[in-house]
Amino acid sequence: MGFGFDTSAEDIKVFLDEAEEMLQNMEGGILRLEKESDNPEVVQEIFRAAHTLKGSSATLGHQRMAELTHSMENVLDKVRKGKLEVTGAVVDTLFACLDVLKAYKEEIATGEESGVSAQSILEQLAAIDRTGSAAPAAAASLPAQPPAAASSMPAGLPQLTPADEEKVKSAPVRGMTAFWAHMQLDKNAAMPAVRAFQTLLAVGDIGEVVRSWPTQEEVEEDKVGDDMKLVFVTRESMEVVRTTLEGIPEVKILAVSPLSLATPAPAPAAAAAVVAEPANAEVAMPLATLTADPEGAPRREATATAGQIKGAKNSSRTVRVDVEVLDNLMNTVGELVIERTRLLQVLTHLETDREGDEASQVMSSALAQIGRLTGNLQDEIQRARMLPVDNLFRKFPRMVRDVAQKAGKEIEFVVQGEETELDRSVIEEIGDPLMHLLRNSVDHGVEPPMDRLKVGKLAKGTVTLEALREENRIVISVRDDGRGIDPQRIRASAVKKGLLSEDAARRLSDNEAINLIWAPGFSTAEKVSDISGRGVGLDVVHKNIEKLNGSVEIRTEVGKGTEFRVKLPLTLAIIRALQVEVLDTTYCIELSSVVETDRIPTSEIKTVRQREVIVKRGEVIPLLRLVDAFGQQRPADFVEPEEVFVVIVAVMGKQIGLVVDNLIGEGDVVIKPLGKFIGDIPGISGATIMGNGDVAIILDISSLVNTVQTELNRQEAALSR
Amino acid sequence: MEQQVELRDAVTQVVVFQLGKELYGADISAVLEVSPLLRVTKVPRTPTYIDGVTNLRGRVIPVVDLRKRLGLPVTPATKATRIAVAEIDGGMVGMIVDAVVEVLRVPASAVEPPSAMFSKVDTEHVQGVAKVDDRLIILLDLARILMREDRKVV
């Protein structure tokens, strides 16, 4: 890598994953700190994250990152000790630090210098540090049991959980001594993970590992640096401990000594030591009590076997699976579904031919069982691909805060339902659209504080992001209590932009007018703000949501607020579809777009301005003959039947009736791509294989209707000029 | 002198198929498999020579009518009609042929460069003409034939 870190690409990936998590934690923490500045837990959380990041970046060798986190640590330390007040300036500075840290993280990821200077931010931190009270570290005067027990750990040792501390404190009761050891793995070791594992085994042989850094799980995953620390308890003497540790090849003892937590805090200056420094036994040991080693017949703990190093890890019963493996599994199950359908067809033949003989009965029940099994498989695999949306949602609070500041709005951002799970590829794709919608709410939805006060609202607007599960799909709602969308303004704007003629605009229902905001090139912002006024946002949002087989609905009330409801299917590859026939080809229409199906006498089809429509329950529904939509021809001897089948679908709040030759049925359909050779065809989203082995075309209703609609609108607009 | 002859006689294996009354060939490495012609589903808004898509063991693959593509007369399908599946650009494409005859070993010495006299097919789609046992086999450049010119980026 460009920085010449002495680490493998794997180690860097591990660092980046951890750094990402730490930065997220810090960001979340600082946001909370803004609201609850005197909550010690929040401060502690930020401190811990900064501390961990400091350690890893130092180990990695990114000096500037270690330096910055170190300075943050100092400030945070003062805060948590009550010596520094959290002001707006402090929060802003911390946020600025985060941004620099993110840039540094990018540097590590790409290997390129970011050119970001931490100079000014370091100065700011130093200035804040100085304003904190200058009381000396209270080491000597602290009571024997300091409230933050962690501060009594030897410097250079990461934190123990309360459970671990219990184990350490209770060791003497069990006749054991607690030790901590700092080991160094030979840089030239071919397989450091093996050596680390041997260390854990060796210690497990003579005692019980309380905690290790890296953990056993990390060692098993080969995430090992050249540094290892352990806290363990044993009945053996220091000699035995030393000999045991010395006996591990390619591993050197940097420090090992008994450990007791009932000691006063060490000199806080030691806290400044960077973790990667080889620990000096003298600096590290603040011992007051050396627990005597009982000379009585030591009972050896049961020999540790490969999988059972005691206490070293929280038992983790997960495995990592490549997403591709899950995709392949999903495809295979899809194939199974198809084959089962074929067998079902054979069964139907058997049943009619042989009238319930035993063979067909056996086949019938076996197929029913297979159906249940494939259903289970699908469900399980799908579950394996699910992640809580929290992964995505946690990025938003910061962004909303920044956008709000820039736009001069006061926003209360509420997030709900973050534990709701979504397919991971959907999560990847839905992030950008949601961000756009949130920006939209902040920028256009919520009014400036003064305007809000004038109409009797609170100066602070509320933007809510909520995820909930509704039967077979997920609904993500982005709502604000702002000014709402005014259909009149939209109509006027559309006419002004030449998207519609005045006539056409007038004829739109309010719902249809509101849905015009999805049209390309549409935006009611008078000036282009750099946040979201460019008019390129919402149509892309709509397209991206549709690509995920999702849909978005707008609910709004002028003066009260707006809600965007994004509906997403739980699974991408399989949809429920209505099968129809046109000119001997079977087409599939996603059931969620279908409002209803009907059989209409041809005589009821009216023509309005050269367009065919029907009237249903007082509403005029334009018709689109699929034959025409695809530019296909009827054979010369075609006779118009007396009745036609119409499938009424809803597209962007508008209803359209699709005229087809026949309705075939409905069922689950596995989506297959048409392939690169055929490419993208407007109106078609893919293909599927039906039970009889034939290929059916899956329609992309909205793009189909759009292409036809846009063309018609333009024609009309052109005509009326 | 002898060495030259040896080099020139590198042998390629060619899948020989029939389009109309003539014999055509494609390098065996380009043809993944030969399948009976199952039902083809028309796909709207595609060039005429793309007949549609078909089901190849659970995969949806496009089907090209080679006769239309090469500007040859199209005859109705018979029991001998087959789909020769080629791999293009990471995806599979099926080509309709009137019959698949055999796999032939063609020595390089038997191949002559394309000339307008021998075939009705555009020379840019033809790699050469092979003469084996009194038969003329027009060797096709599948990669070029199956390239979508209507989508070529200038």
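Residues numbered from 1 in each chain as written. Chains lettered and ligands numbered in written order. Predicted model: local features only at pLDDT ≥ 70, side-chain atom pairs only at ≥ 80, totals over all residues.

Observations concerning the overall build of chain B
Scanning chain B from terminus to terminus reveals three helices and eleven strands. For chain B, with 154 residues in total, the buried portion stands at 36%. (Helix = DSSP H or I, 4+ residues; strand = E, 2+ residues; numbered from the N terminus. Buried ≥ 20, exposed ≤ 12 C-beta atoms within 10 Å, placed from the backbone.)

Focus: the overall build of chain A
The helix and strand tally for chain A stands at 22 helices and 22 strands. Considering chain A as a whole, with its 721 residues, one finds that 36% of them fall into the buried category. In chain A, of all internal contacts separated by at least 6 residues, the share reaching a separation of at least 24 is 71%. (Contact = placed C-beta atoms within 7 Å.)

With respect to the nonpolar core
Among the nonpolar cores identified, the biggest contains 80 residues, and Tyr587(A), Ile589(A), Leu626(A), Leu658(A), Leu699(A), Val53(B) and Met95(B) are the most heavily contacted of them. There are two domains that each give this core at least three residues, and those are domain 3 (323-384) and domain 5 (574-719) of chain A. With 44 residues, the next largest nonpolar core counts Phe393(A), Leu437(A), Val442(A) and Ala519(A) among its residues. (Core = buried A, V, L, I, M, F, W, Y, C linked by C-beta atoms within 7 Å. Domains from an automatic or database assignment.)

Here we look at the interface of chain B and chain A
If you look at the interface, chain B gives 22 residues, while chain A gives 21 residues. Looking at the side of chain B that touches chain A, the elements that each hand over two or more residues are strand E4 (50-56), strand E5 (59-65) and strand E7 (91-97) of chain B. Ranked by residues supplied to the side of chain B that touches chain A, first place goes to E4(B) with four residues. Of the residues contributing to the side of chain B that touches chain A, the split by class is ten nonpolar, seven polar and five charged. (Nonpolar A, V, L, I, M, F, W, Y, C, P; charged D, E, K, R; others polar.)

Looking at the sheet that holds strand E11 (residues 135-140) of chain B
Spatial ordering of the open sheet is given by E8-E1-E2-E11-E10-E9 (chain B), a layout of six strands whose pairing is mixed. For this open sheet the edge positions go to strand E8 (99-107) and strand E9 (111-112) of chain B, each flanked by a neighbour on one side alone. (Pairing = 2+ DSSP bridges.)

Observations concerning the packing of helix H1 (residues 9-35) of chain A against helix H2 (residues 40-60) of chain A
Residue and element names in this part refer to chain A. Look at H1 against H2: their axes get within 9 Å of each other, and the N-to-C directions meet at 155°. Classified by the interaxial angle, the pair formed by H1 and H2 is roughly antiparallel. For H1 against H2, the interelement crossing comes out left-handed. Contacts from Phe15, Glu18, Ala19, Met22, Asn25, Met26, Gly29, Ile30, Arg32 and Leu33 in H1 reach Val42, Val43, Glu45, Ile46, Ala49, Ala50, Thr52, Leu53, Ser56 and Leu60 in H2. (Axes fitted to C-alpha atoms, helices over the stretch in contact; angles between N-to-C directions. Parallel < 35°, antiparallel > 145°, perpendicular 65-115°, else oblique. Left-handed = near helix turned anticlockwise from the far one by under 90°.)

Regarding the packing of H2(A) against helix H3 (residues 63-80) of chain A
All names here are of chain A. H3 packs onto H2 with a crossing angle of 155° between their chain directions and a minimal axis gap of 9 Å. On the basis of their axis angle, the class for H2 and H3 is roughly antiparallel. Relative to H3, the crossing made by H2 is left-handed. Residue-level contacts link Pro40, Val43, Gln44, Ile46, Phe47, Ala50, His51, Leu53, Lys54, Ser57 and Ala58 of H2 to Met65, Ala66, Thr69, His70, Met72, Glu73, Leu76, Asp77, Val79 and Arg80 of H3.

Re the sheet that holds strand E10 (residues 551-557) of chain A
Residues and elements named next belong to chain A. Read across the sheet, five strands follow the order E6-E8-E9-E11-E10 without closing on themselves; strand pairing throughout is mixed. One side of each edge strand has no neighbouring strand; the edge strands of this open sheet are strand E6 (411-416) and E10. Between one strand axis and the next, the sheet turns by 15° as a mean value, whatever way the strands run. Summarising the sheet, strand E9 (residues 473-480) and strand E11 (residues 561-569) pair through eight bridges and their orientation is antiparallel. Residue pairing for E11: Asp480 is matched across the bridge by Thr562. Running at roughly 20° to E9, helix H15 (residues 424-445) makes contact with E6, strand E8 (461-470), E9 and E11 of the sheet.

By themselves these figures say nothing about function.
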